[in-house]
Amino acid sequence: MLVACSALVFFSSLCYADSTVHYDGNKFTASITRHCDEGNVSCDNVTMESKSKANRNSISLKGRTVNINCPQSCDFRGYEFKNGLYTYSLTTNDFQEWVYSVYHGTKLIAHDKGTVN
């Protein structure tokens, strides 16, 4: 399939390539990987490996992209991951500064700012 997929890259959107970005903040680091077709703004198959800088605890989660103005233009704003009652989000408004938030239900329990590259 990889050979067939490589041959179709220039002719079809049937193939996808995982793309990974890295978040670095004061409190957390994270690697976020999209497992969807290139060029698609919306993706429901995203994984995150996150680590606390304070205690080195880590967590692996599955999630999705966060988009606004859908279905008209679907502007990408970040990622959201759920783990039971906990929601982890990594969002931006300007793509310069990113906000990493952890909620327990509706209560914000952790907040961090950093960059993504």
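Just above sits the structure.
Residues numbered from 1 in each chain as written. Predicted model: local features only at pLDDT ≥ 70, side-chain atom pairs only at ≥ 80, totals over all residues. Heavy atoms only, no water.

Q: Looking at this model, I keep getting lost on the side chain of Thr-87. Mind explaining?
A: Among the structural elements, Thr-87 can be located in strand S6 (residues 86-92). Thr-87 gets classed as buried once you look at its relative accessible area, which sits at 12%. Among the polar contacts listed, one links the side chain of Thr-87 to the side chain of Lys-82, at a separation of 3.4 Å. With residues up to four places along the chain from it excluded, the contact list for Thr-87 reads Glu-80, Phe-81, Lys-82, Ser-101, Val-102 and Tyr-103. (Helix = DSSP H or I, 4+ residues; strand = E, 2+ residues; numbered from the N terminus. Buried < 20%, exposed > 50% of the residue type's maximum accessible area, 1.4 Å probe, protein only. Polar contact = N/O pair within 3.5 Å; in protein donor to acceptor, adjacent residues only side chain to side chain. Contact = heavy atoms within 4.5 Å.)

Q: Explain the side chain of Thr-65 here, please?
A: Its place among the elements puts Thr-65 in strand S4 (residues 58-68). At a separation of 3.4 Å, a polar atom in the side chain of Thr-65 contacts the main-chain carbonyl oxygen of Val-41.

Q: What should I look at first to understand the environment of Ala-54 in this one?
A: With respect to the helices, strands and loops of the structure, Ala-54 is situated in the loop between strand S3 (46-52) and S4. Ala-54 gets classed as exposed once you look at its relative accessible area, which sits at 76%. Distance in space between the C-alpha atoms of Ala-54 and Lys-27 is 6.6 Å, their sequence separation being 27 residues.

Q: Looking at this model, I keep getting lost on the state of the cysteines. Mind explaining?
A: Every disulfide links exactly two cysteines, by a covalent bond between their sulfur atoms. Applying the stated rule across the entire model yields two disulfides. Disulfide partner of Cys-36: Cys-43, at an S-S distance of 2.0 Å. On the sign convention where negative is left-handed, the bridge of Cys-36 and Cys-43, at about 80° about the S-S bond, is right-handed. Linked covalently through their sulfurs, Cys-70 and Cys-74 form a disulfide whose S-S length is 1.9 Å. As the torsion about the S-S bond is roughly 135°, the Cys-70-Cys-74 disulfide counts as right-handed. Of the residues examined, Cys-74 reaches a relative accessible area of 18% and is grouped as buried. (Disulfide = S-S within 2.5 Å.)

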